[in-house]
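Structural characterization, general
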Amino acid sequence: MEWFAVIEESRRDLGGHTRFAGVCIRERALISLSFGGAIGLMFLMLGCALPIYNKYWPLFVLFFYILSPIPYCIARRLVDDTDAMSNACKELAIFLTTGIVVSAFGLPIVFARAHLIEWGACALVLTGNTVIFATILGFFLVFGSNDDFSWQQW
């Protein structure tokens, strides 16, 4: 039970933030998310640049990575979160984000069916898509709350 007292004492010293092994939990989450993004981009680059594939058409999914958080960010700025009911603006943002994510998964499959890329490259790009979109979702889950360390400050 001694370790619990050390964590509680360090939490009081940091104003409520939990510190573990010298790093705050949110900082650890940010480091993990950046690692996840790097792994996802590595899969995307492997699907493009390996000598057996050597086609760079799958890089068009980068546009979807950039576009996917934009509807939700706009809706968060426009919508008051005090209302417990779902509203049309937030639902539209989720719908548009879903469409962008589905398009990002569909584009490599269309490229593979059209013989622009190989199926192995398609599998690597789809793996990269899964990791990148999980990273984007993780970012909004970790930093999406309206507390003192929010993504809205950026």
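Residues numbered from 1 in each chain as written. Predicted model: local features only at pLDDT ≥ 70, side-chain atom pairs only at ≥ 80, totals over all residues. Heavy atoms only, no water.

1. As for the overall build of the protein chain
Helices and strands together make up the secondary structure of the protein chain, namely 6 helices and 2 strands. For the protein chain, with 154 residues in total, the buried portion stands at 29%. In the protein chain, the share of contacts with a sequence separation of at least 24, taken over all contacts with a separation of at least 6, comes to 59%. Accessible surface, the protein chain: about 9900 Å² in total, of which carbon and sulfur atoms supply 70%. (Helix = DSSP H or I, 4+ residues; strand = E, 2+ residues; numbered from the N terminus. Buried < 20%, exposed > 50% of the residue type's maximum accessible area, 1.4 Å probe, protein only. Contact = heavy atoms within 4.5 Å. Areas by Shrake-Rupley, 256 points an atom, 1.4 Å probe, with all protein chains shown as cover.)

2. Describing the environment of phenylalanine 133
Along the chain, the position of phenylalanine 133 falls in helix α6 (residues 119-143). A sequence separation of 97 residues divides phenylalanine 133 from glycine 36, and the C-alpha atoms of the two residues are 9.7 Å apart. Sequence-distant contacts of phenylalanine 133, defined by excluding residues within four places in its chain, comprise Phe64, Tyr65, Ser68, Val101, Ala104 and Phe105.

3. Some thoughts on the UniProt feature "transmembrane region" (unreviewed entry) in the protein chain
UniProt annotation of "transmembrane region" (unreviewed entry) refers to residues 29-53, 59-79, 91-111 and 117-143 when read in the numbering used here. For residues 59-79, the helix share is 76%, the strand share is 0%, and the end-to-end C-alpha distance is 33 Å. Annotated as residues 91-111, this span is 100% helix and 0% strand, and its ends, taken at the C-alpha atoms, are 30 Å apart. (UniProt positions renumbered as here; feature names shortened; annotations may be inferred.)

4. Topic: unusual backbone geometry
You will see that asparagine 54, though not glycine, has its phi angle at about 50 degrees, which is positive. Its relative accessible area of 48% is what places asparagine 54 among the partly exposed residues. One non-glycine residue, histidine 115, lies in positive phi territory at about 65 degrees. The exposure class assigned to histidine 115 is exposed, which follows from its relative accessible area of 68%.

5. Here we look at the nonpolar core
Leu44, Val61, Phe64, Tyr65, Ile100, Ala104, Val125, Ile132 and Phe133 form the largest nonpolar core, which has 9 residues in total. Discounting chain neighbours no more than four positions away, the residues touching valine 125 are Phe43, Leu44, Gly47, Pro58, Val61 and Pro108. In this structure, Tyr53, Ala121, Cys122 and Leu124 belong to the second largest nonpolar core, which totals 7 residues. (Core = buried A, V, L, I, M, F, W, Y, C linked by side-chain atoms within 4.5 Å.)

6. Observations regarding the environment of phenylalanine 140
By secondary structure assignment, the location of phenylalanine 140 is in helix α6. Once the C-alpha coordinates of phenylalanine 140 and proline 69 are considered, the two residues, 71 residues apart in sequence, prove to be 9.0 Å apart.

7. Overview of a nonpolar patch on the surface
Side chains of Trp57, Phe60, Phe63, Ile66, Leu67, Ile70, Ile74, Leu78 and Leu116 sit close together on the surface and give an oily, nonpolar patch of about 880 Å² of accessible area. Where the nonpolar patch is concerned, the elements lending two or more residues are α3 (61-67) and α4 (70-78). (Patch = residues over 30% accessible without salt bridge, like charges linked within 9 Å, V, L, I, M, F, W, Y side chains within 5 Å. Salt bridge = Lys/Arg side-chain N within 4 Å of Asp/Glu carboxyl O.)

8. Some remarks on the packing of aromatic side chains
Evaluated as defined, the whole model comprises 8 aromatic pairs. Ring geometry for phenylalanine 139 versus phenylalanine 140: centroids 5.7 Å apart, planes at 85 degrees, classification edge-to-face. Here phenylalanine 139 and phenylalanine 140 have matching classes, each one buried. Within the aromatic cluster, the residues linked to one another by ring pairs are Trp57, Phe60, Phe63 and Phe111. (Phe/Tyr/Trp six-rings, centres within 6.5 Å; stacked < 30°, edge-to-face > 60°.)

9. Structural notes on the environment of asparagine 54
Structurally, asparagine 54 can be placed in the loop between α2 (25-49) and α3. Once the C-alpha coordinates of asparagine 54 and isoleucine 117 are considered, the two residues, 63 residues apart in sequence, prove to be 8.6 Å apart.

10. Observations regarding the side chain of serine 68
Along the chain, the position of serine 68 falls in the loop between α3 and α4. With residues up to four places along the chain from it excluded, the contact list for serine 68 reads Thr97, Ile100, Val101, Phe133 and Ile136.

11. What to know about helix α5 (residues 88-113)
Here α5 contains 26 residues, and its C-alpha end-to-end distance of 36 Å stays within 8% of the 38 Å for a straight helix at 1.5 Å per residue. At glycine 106, α5 shows its maximal bend, which comes to roughly 25 degrees, and the proline proline 108 appears one to four places after that position. Along α5, the positions that sit buried rather than exposed are Ala93, Thr97, Ile100, Ala104, Pro108, Phe111 and Ala112. Check the buried side of α5 and you find it contacts α3, α4 and α6. One or two residues past the end of α5 sits histidine 115, with phi positive at roughly 65 degrees. (Expected span 1.5 Å × (residues − 1). Bend = angle between axes of the 7 residues up to and from the residue.)

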